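Chain by chain, the residues:
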Amino acid sequence: MGLTLAEKILKAHTVDGEFRKGEEIGLKIDQTLTQDATGTMAYIEYEAMGVDRVKTERSVAYIDHNTLQSGFENADDHRFIGSEAKKHGIYFSRPGNGICHQVHLERFGIPGKTLIGSDSHTPTGGGIGMIAIGAGGLDVAVAMGGGAYYITYPKIVGVKLTGKLSAWVSAKDVILEILRRMSVKGGVGKIIEYYGEGVKTLSVPERATITNMGAELGATTSVFPSDDVTKGFLEAQGRGEVWTELSADADAVYDEELEIDLSKLVPLAACPHSPDNVKTIEELAGMKIDQVCIGSCTNSSLLDMLKVAHILKGKTVSPSVSLAIAPGSKQVLNMLADNGALSTLIDSGARILESACGPCIGMGQSPNSAGISLRTFNRNFEGRSGTKDAGIYLVSPETAAASAVAGVLTDPRTLGDMPEFKLPEKFTVNDNMIVPPADEKDMDSVEILRGPNIKAYPKTAPLAEDIECGVSLKVGDNITTDHIMPAGAKILPLRSNIPEISKHCFAVCDTQFPERAKSMGSSIIVGGSNYGQGSSREHAALAPLYLGVKAVLVKSFARIHRSNLINAGILPLTFVNEGDYEKIGQGDVLKIEGIRKAVSEGRAEVTVKDVTTGDEIPVLCELTGRTRDIMLEGGLLDYTREQMRKKG
Ligand code: MIC
Ligand code: SF4
């Protein structure tokens with residue numbers, strides 16, 4: 001039986017474990033990326049491991065998230081990351097150079113290679129045939145040090161694309177249709193692999209939009225074949241030599257299959273507050289809007305911007321709408337300036353933002369009270385925009401631009417004929433904002449520049465014999481990391497300071513939580529299904545760790561958050577019977593007797609006794625050999641240090 005493309009790349013990189021479905025496998029990681037909001041912690045962790053130079057083929061540190069510098073904190077972090085990069089053999093993409101995923105695709109990604117990044121949208125690299133996975137900062141630190149990255153051999157979902165997109169229907173509509181069908185938890189434990197005749201009708205930026213938002217399915221990653229279209233893109237980036245042809249074997253068998261006829265798709269929108277709450281634009285057309293934001297790692301390519309410029313040409317943004325545009329990289333912005341499209345955007349009244357994440361992560365441009373904002377981004381979770389009662393709709397750049405002019409949600413197909421938008425034969429390449437690392441012989445002379453807001457990794461402790469403590473918080477289904485550890489312009493600058501940032505933990509759900517958890521000393525959180533969906537931020541585990549959370553008991557977890565909990569030494573537990581969720585109340589005292597013994601013996605099922613009600617609740621603590629050892633040690637950092645000590 002042949003292999004799927006994902007399996008071929010995984011197999012070629014498996015360095016630990018048995019290459020069998022459902023087994024845990026350790027992957028050799030060729031490339032890593034970090035961004036600044038997760039990067040400071042990742043480099044603090046890297047330092048704590050004590051490895052001098054990175055062992056990967058290429059590691060890149062980007063500054064793209066915390067670029068609003070309304071105090072010294074973010075600038076200090078940029079400087080710290082820059083000095084860490086210089087010392088340890090990492091390329092440094094300076095602020096202004098663009099969003100990590102866009103720049104990595106343009107300048108560093110290589111078909112067939114593995115990439116992990118401390119950002120959940122790392123799968124953007126799947127657009128050129130990489131296995132690119134989002135991970136916690138600590139996992140990235142370990143990979144930089146030469147350690148393997150572990151995943152459970154996922155199911156492979158084959159998405160067969162046929163036909164060709166109609167005029168004004170876009171890659172965004174493809175992934176929104178898949179989200180509509182599969183939901184935000186439909187991809188958990190799976191890799192989404194695209195194949196079929198329709199693939200070659202999609203350019204690399206379009207493919208990257210689709211793999212980027214595979215993160216919203218909860219998928220481990222998404223991948224496209226590497227074909228002539230990929231070759232053309234890499235050649236236009238002056239990197240044709242890194243291209244190789246990659247596709248699934250003809251007799252490959254997928255675990256699940258989905259078929260999408262591109263020609264049947266219509267413009268779509270994800271409605272508040274979830275990326276899978278999808279409706280057609282036709283259904284929503286005419287809705288009054290207050291704001292439009294175009295950009296983010298999902299839709300900020302040159303191709304996207306050229307379409308937007310075409311739609312805005314000679315028009316003025318509606319007086320009732322504020323339009324903000326953030327081109328994804330310096331390369332995109334430069335080319336827009338050179339070909340005159342930037343002037344078109346400015347002329348229309350668009351507010352041009354720097355090439356960074358910006359409004360996508362609540363770094364400015366929060367909508368007005370109860371405002372309706374159309375965004376070409378990938379997440380519309382409640383409160384993420386910075387305005388709690390805003391309604392965020394995720395749409396294509398075409399829908400966004402047409403609506404910005406009309407002042408109401410508008411179907412772009414009403415624009416009439418669509419010209420053919422083509423990528424250039426040559427992109428303007430100028431890597432002057434990417435700083436190479438110091439030579440190894442000079443690394444000792446590089447000074448690490450630390451600011452006063454940069455604090456150490458929180459204290460950990462080996463897993464206790466028994467756990468007995470109260471439930472500090474009970475939450476429902478689909479809790480996102482934006483609920484657990486909100487972002488935004490006010491909180492993001494605290495990413496390097498766990499004691500401070502933990503004061504905002506769960507602010508969206510319950511502002512009293514941090515104080516309560518702290519005063520309880522140790523506690524347990526109870527939640528519903530898909531707990532921890534969304535971002536890779538390990539702060540959603542480190543803040544609870546700092547606040548004394550010992551275990552999280554839920555119906556089911558999202559992948560990255562579950563491993564971040566394990567990495568932080570917090571026990572991830574799931575209900576055997578989901579109905580038992582109802583039996584536990586906030587404030588109940590729970591007791592898990594002999595938990596250390598159970599974990600060391602590899603027993604998956606343990607009993608949680610609700611001391612308050614007397615109920616005995618069976619729960620699962622599913623840990624493999626390696627994650628078991630990590631839990632027993634008190635987290636990945638302690639475990640890695642111990643492994644390195646043993647190896648001398
Ligand atoms: C996001 O889109 O939520 C972020 C901000 O990029 C996060 C990373 C972070 O919280 O720093 C992600 O997606 O992993
Ligand atoms: Fe940045 Fe938004 Fe992409 Fe996250 S999703 S990396 S915040 S642009």
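Preceding this paragraph is the structure being described.
Residues numbered from 1 in each chain as written. Chains lettered and ligands numbered in written order. Predicted model: local features only at pLDDT ≥ 70, side-chain atom pairs only at ≥ 80, totals over all residues. Heavy atoms only, no water.

Quick notes on the overall build of the protein
This is how it is decided: Helix and strand assignments follow DSSP, with helices taken as H or I runs no shorter than four residues and strands as E runs no shorter than two, numbered in order from the N terminus. Within these notes, the globule rule equals 2.2 Å times the number of residues to the 0.38 power, and the radius of gyration is based on C-alpha atoms. Throughout this description, buried means an accessible area under 20% of the type-specific maximum (1.4 Å probe, protein chains only), exposed means over 50%, and partly exposed covers the range between. Residue contacts follow a heavy-atom distance rule, with two residues in contact if any of their heavy atoms lie within 4.5 Å. Reported accessibility uses the Shrake-Rupley method at a 1.4 Å probe radius. Residues are deemed covered only where the shown protein chains occlude them. We score Asp and Glu as negative and Lys and Arg as positive, and we do not count His or the chain ends. Taken as the charge location is NZ of Lys, CZ of Arg, CG of Asp or CD of Glu.
Secondary structure summary: the protein contains 22 helices and 27 strands in total. The C-alpha atoms of the protein give 24 Å as radius of gyration, which agrees with the globular expectation for 648 residues (26 Å, within 12%). In terms of overall dimensions, the protein has C-alpha extents of about 70 × 55 × 55 Å along its principal axes. Expressed as a percentage of the 648 residues in the protein, the buried residues total 62%. Taking the intrachain contacts of the protein between residues at least 6 apart in sequence as the baseline, contacts between residues at least 24 apart amount to 77%. With an accessible surface of roughly 22500 Å², the protein has 48% of that area assigned to carbon and sulfur atoms. Side chains of the protein give 68 positive and 82 negative charges; the mean places of these two sets differ by 2 Å.

Quick notes on the site of ligand 1
Note the threshold: Throughout, the term near means that a residue has one or more heavy atoms lying within 4 Å of the molecule or strand in question. Counted as a polar contact is a pair of N or O atoms within 3.5 Å, where, for protein atoms, one must be capable of donating a hydrogen and the other of accepting one, and residues adjacent in sequence contribute only when both atoms are in side chains. For this classification, the nonpolar set comprises Ala, Val, Leu, Ile, Met, Phe, Trp, Tyr, Cys and Pro, the charged set comprises Asp, Glu, Lys and Arg, and every other residue, Gly included, is treated as polar.
In the vicinity of ligand 1 lie 14 residues, with D119, S120, R384, S536 and R537 positioned nearest. For ligand 1, an oxygen atom lies 2.8 Å from a polar atom in the side chain of H65. In the model, an oxygen atom of ligand 1 is placed 2.9 Å from a nitrogen or oxygen of the R379 side chain. Protein contacts shield 97% of the accessible area of ligand 1, which totals 340 Å² for the unbound molecule. Taken together, the residues of the shell around ligand 1 break down into 2 nonpolar, 7 polar and 5 charged.

A short note on the sheet that holds strand β5 (residues 91-93)
This is how the line gets drawn: Strand pairing is assigned whenever DSSP detects at least two bridges linking the two strands. Simply put, an axis is a line fit to the C-alpha atoms, just over the touching stretch for a helix, and the angle between two N-to-C directions goes from 0 to 180 degrees.
The strand order β7-β6-β3-β4-β5-β20 describes an open sheet built from 6 strands, whose pairing is mixed. If you trace the sheet from one side to the other, it starts and ends with β7 (131-134) and β20 (434-435), each paired once. Packed on one face of the sheet, helix α5 (residues 137-144) meets β3 (31-34), β4 (58-62) and β6 (114-117) and runs near 140° to β3.

Brief notes about the layout of surface pockets
Rule in force here: A cavity, in this analysis, means grid points on a 1 Å lattice covering only the protein atoms where a 1.4 Å probe fits yet has no way out; a pocket is instead an open set bounded by protein on both sides within 12 Å along at least five of seven lines, and a residue lines either one if it has an atom within 4 Å of a point. Grid points are joined across faces, edges and corners, and a volume is the space filled by probe spheres set on the points.
Reported here for the largest pocket is a volume of approximately 1400 Å³. E24, Y150, I151, R626 and T627 are, among the 48 residues lining the largest pocket, the residues nearest its centre. Of all the secondary structure elements, the ones that give two or more residues to the lining of the largest pocket are α5, β8 (149-152), α19 (559-567), β24 (571-575), α21 (625-633) and α22 (636-647). The residue makeup of the lining of the largest pocket, split by class, is 19 nonpolar, 17 polar and 12 charged.

What to know about the pairing of strand β26 (residues 605-610)
The alternating pattern of β26 places V606, V608 and D610 on a buried face, while none of E605, T607 and K609, on the opposite face, is buried. Alignment of strand β25 (residues 589-592) against β26, held across 2 bridges, turns out to be antiparallel. Bridged to L590 within β26 is D610. Summarising the sheet, β26 and strand β27 (residues 616-620) pair through 5 bridges and their orientation is antiparallel. In the sheet register, T607 faces β27, and the bridge partner there is P618. Where β26 hands over to β27, the hairpin turn is made up of 5 residues, of which G614 adopts a positive phi near 85°.

Looking at unusual backbone geometry
In this chain, P272 is followed by H273 through a cis amide linkage whose omega measures -10°. Along the chain, H273 falls in the loop between β13 (268-270) and β14 (278-280). Despite not being glycine, S296 has its phi angle at roughly 80°, a positive value. Counting through the fold element by element, S296 comes out in the loop between β15 (291-294) and α10 (302-312). A relative accessible area of 1% places S296 in the buried class.

Some thoughts on the packing of α21 against α22
Let me state the cut-off plainly: Any angle from 65 to 115 degrees is called roughly perpendicular, while one under 35 is roughly parallel, one over 145 is roughly antiparallel, and all others are oblique.
Between α21 and α22, the least distance of the axes is 7 Å, while the angle of their chain directions is 105°. Compared by their axis directions, α21 and α22 come out roughly perpendicular. The segment α21 lies against α22, with R626, D629, I630 and E633 engaging L636, D638, Y639 and E642. Residue composition of the contact of α21 with α22, grouped by class: 3 nonpolar, no polar and 5 charged.

Brief notes about helix α18 (residues 539-546)
Counting buried residues in α18 gives 7 out of 8 residues, a clear majority hidden from the surface. Along α18, the residues classified as buried are H539, A540, A541, L542, A543, P544 and L545. Where α18 is buried, its residues touch α2 (36-49), α14 (481-484), α16 (498-501), β23 (549-554) and α19. The positive-phi residue at the C-terminal boundary of α18 is G548, with phi of around 95°.

Section: the environment of I479
By the secondary structure assignment, I479 is in the loop between β21 (467-474) and α14. Considered as a pair, I479 and E283 are 196 residues apart in the sequence and their alpha carbons are 28 Å apart. I479 has contacts with I484, F506, C509, N530, Y531, G532 and Q533, leaving out every residue within four places of it along the chain.

Looking at the sheet that holds strand β11 (residues 221-223)
In space, the 4 strands of this open sheet follow the order β11-β10-β9-β12, with parallel pairing throughout. The open sheet has two edge strands, β11 and β12 (256-261), and neither has a second partner. This sheet shows a mean twist of 20° between the axes of neighbouring strands, independent of strand direction. The sheet strands contacting helix α6 (residues 171-182) are β9 (155-162), β10 (190-195) and β12, and the helix crosses β12 at an angle near 135°.

Concerning the nonpolar core
To keep things clear, this is the line we draw: Each nonpolar core is a collection of buried residues, namely Ala, Val, Leu, Ile, Met, Phe, Trp, Tyr and Cys, held together in the definition by side-chain atoms within 4.5 Å.
F506, F513, Y531, V552 and L571 are the most contacted members of the largest nonpolar core, which totals 101 residues. Residue contributions to this core peak at 6 residues, all from α5. The residues touching Y531, leaving out its near neighbours within four places in the chain, are V475, I479, I484, F506, I525, V552, V554, S556, F557, A558 and H561. Membership of the second largest hydrophobic core comes to 59 residues, among which are V103, F108, V292 and L345.

Things to note about the pattern of salt bridges
Note the threshold: Each reported salt bridge corresponds to a side-chain nitrogen of Lys or Arg within 4 Å of a carboxyl oxygen of Asp or Glu.
Applying the stated criterion across every chain yields a total of 37 salt bridges. Among the ionic pairs, D439 bridges to K441, the shortest N-O distance being 3.6 Å. A salt bridge links K441 to D442; the nearest nitrogen and oxygen atoms lie 3.4 Å apart. Judged by relative accessible area, K441 falls into the exposed class, the value being 67%. Judged by its relative accessible area of 32%, D442 falls in the partly exposed class. One network of salt bridges, with partners in common, ties together K28, D30, E57 and K113.

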